Amino acid sequence: MSGHKTDGVDAFLKEVKKHVDVAGSLPKSHGKVFWVQRSDIKVDVFEEWLSYSTPSQNADGYFTGAGMFSAANVDRGSSLLLEHLGSDLKGMVADLGAGWGLLTSRLLAQNNAVDQADLFEADFSSIEAAKLNVTDERARFYWEDVVILTGFERRYDVVVSNPPFHQTRKTEPELGQSFIRKAAQLLKPAGRLLMVANRQLPYERVLDHHFRFFENLGEAHGYKIFMARNPRPVKR
Ligand SMILES: C[S@@+](CC[C@H](N)C(=O)[O-])C[C@H]1O[C@@H](n2cnc3c(N)ncnc32)[C@H](O)[C@@H]1O
């Protein structure tokens, strides 16, 4: 098991020690890895912890689990992006950082001319939950890290994204900026990106760098919506 100190790995280790003898631990670069002997594990408590991430239906009727983005109900930023998706999307669509599948589920329901929608998500539990929420047969699911996604030949007419902006507690705009760069690489020359971001996040320069045209479609509740089209050719 491993984790970052700012994510509370020390508290987690302390909790684990209550239930099982920890065989060893190693601190490195603000993180810590520790390990236990399988034979020492009291299965009941770990199975209970595991069950927290087993998806169950939230207040909005979507399958989500502990630790997933906006597990309790639909995020306000995602809602705002949904208002701007419309019903004229067609062809091949990609959803980068798809979470438990909200955007693709709604998008497929209101866009009959979409041929296929590919969901990319790094968190395994979330992409598994997405399979329960997006039952449309046009959906494909990829458990992938978007930042380092390589060797993917398919090109898209539309990319939608509510990109992550932190992995630890501090804001990391580079993460969303990498998603914008990846969207530009994955789009066809006439393709477009529709994304939502917290209003204070600095994405405009990166959008300008990677797309021939972009505009702010609207702002509300501290979020802004961007549409960017015609990606500039990028070195692969
Ligand atoms: C802001 S949430 C949006 C989730 C969903 N699209 C929505 O609107 O409800 C961002 C998602 O990106 C995922 N994510 C974070 N880093 C990622 C990466 N490097 N590659 C793919 N997905 C990532 C997170 O697990 C999270 O589900």
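Use the structure listed above.
Residues numbered from 1 in each chain as written. Predicted model: local features only at pLDDT ≥ 70, side-chain atom pairs only at ≥ 80, totals over all residues. Heavy atoms only, no water.

Trainee: Outline the site of the ligand, listing residues and values.
Mentor: Not every one of the 17 residues close to the ligand is listed here, only the nearest: Ser78, Gly97, Glu121, Asp145 and Val146. Between the ligand and serine 78 there is a distance of 2.8 Å, counted from an oxygen atom to a side-chain nitrogen or oxygen. A distance of 3.2 Å separates a nitrogen atom of the ligand from a polar atom in the backbone of alanine 122. Here the ligand, which alone exposes 590 Å², has 90% of that area covered by the protein. (Near = heavy atom within 4 Å. Polar contact = N/O pair within 3.5 Å; in protein donor to acceptor, adjacent residues only side chain to side chain. Areas by Shrake-Rupley, 256 points an atom, 1.4 Å probe, with all protein chains shown as cover.)

Trainee: An account of the sheet that holds strand S9 (residues 156–161) is needed here, citing residue identities and associated values.
Mentor: Read from one edge of the open sheet, 7 strands run S8-S7-S6-S9-S10-S12-S11, paired in mixed fashion. The open sheet has two free edges, formed respectively by strand S8 (139–143) and strand S11 (211–220), since each of these has just one partner strand. When the angles between neighbouring strand axes are averaged without regard to direction, this sheet yields 15°. Of the pairings in the sheet, the one linking strand S10 (residues 187–198) to strand S12 (residues 223–231) comprises 7 bridges and is antiparallel in character. Bridge pairing in S12 links methionine 195 to phenylalanine 226. Contacts between helix H4 (residues 102–110) and the sheet are confined to strand S6 (91–96), strand S7 (114–121), S8 and S9, with S7 contributing the most and set at about 175° to the helix. Contacting S7 and S8, helix H5 (residues 124–133) crosses the sheet at an angle of about 170° to S8. (Pairing = 2+ DSSP bridges. Helix = DSSP H or I, 4+ residues; strand = E, 2+ residues; numbered from the N terminus. Axes fitted to C-alpha atoms, helices over the stretch in contact; angles between N-to-C directions. Contact = heavy atoms within 4.5 Å.)

Trainee: Just give me the short version of the pairing of strand S2 (residues 22–28), but keep the residues and values in it.
Mentor: When S2 meets strand S3 (residues 31–36), the two strands line up antiparallel, connected through 6 bridges. Paired with valine 22 across the strands is valine 36, a residue of S3.

Trainee: A description of the nonpolar core should follow, citing residues and the corresponding values.
Mentor: Side chains that are nonpolar tend, in soluble globular proteins, to be buried together. Counting residues in each nonpolar core, the largest one holds 30 residues, and the members touching the most others are Leu81, Leu85, Trp100, Leu107, Leu108, Leu119 and Leu194. Excluding residues within four positions of it along the chain, leucine 85 makes contact with Leu103, Leu107, Gln110, Val160 and Leu194. Membership of the second largest hydrophobic core comes to 26 residues, among which are Ala94, Phe152, Ala184 and Val206. (Core = buried A, V, L, I, M, F, W, Y, C linked by side-chain atoms within 4.5 Å. Buried < 20%, exposed > 50% of the residue type's maximum accessible area, 1.4 Å probe, protein only.)

Trainee: Explain the environment of methionine 227 residue by residue, including any values.
Mentor: Residue position: methionine 227 is located in strand S12. Under the relative-accessibility criterion, methionine 227 is labelled buried at 9%. Residues methionine 227 and leucine 193, spaced 34 residues apart in sequence, show a C-alpha to C-alpha distance of 5.6 Å. Leave out the neighbours within four places in its chain, and methionine 227 touches Arg192, Leu193, Leu194, Phe213, Phe214, Glu215 and Leu217.

Trainee: So what's going on with H5? Which residues, and what values?
Mentor: Of all the residues in H5, the buried ones are Ser126, Ile127, Ala129, Ala130 and Asn133. One face of H5 carries all of its buried residues, which in axial projection span an arc of 160°. Where the residues of H5 are buried, they touch strand S5 (63–64), H4, S7 and S8. (Arc of directions from axis to C-beta.)

Such coordinate-based values are descriptive only and should not be taken to indicate function.
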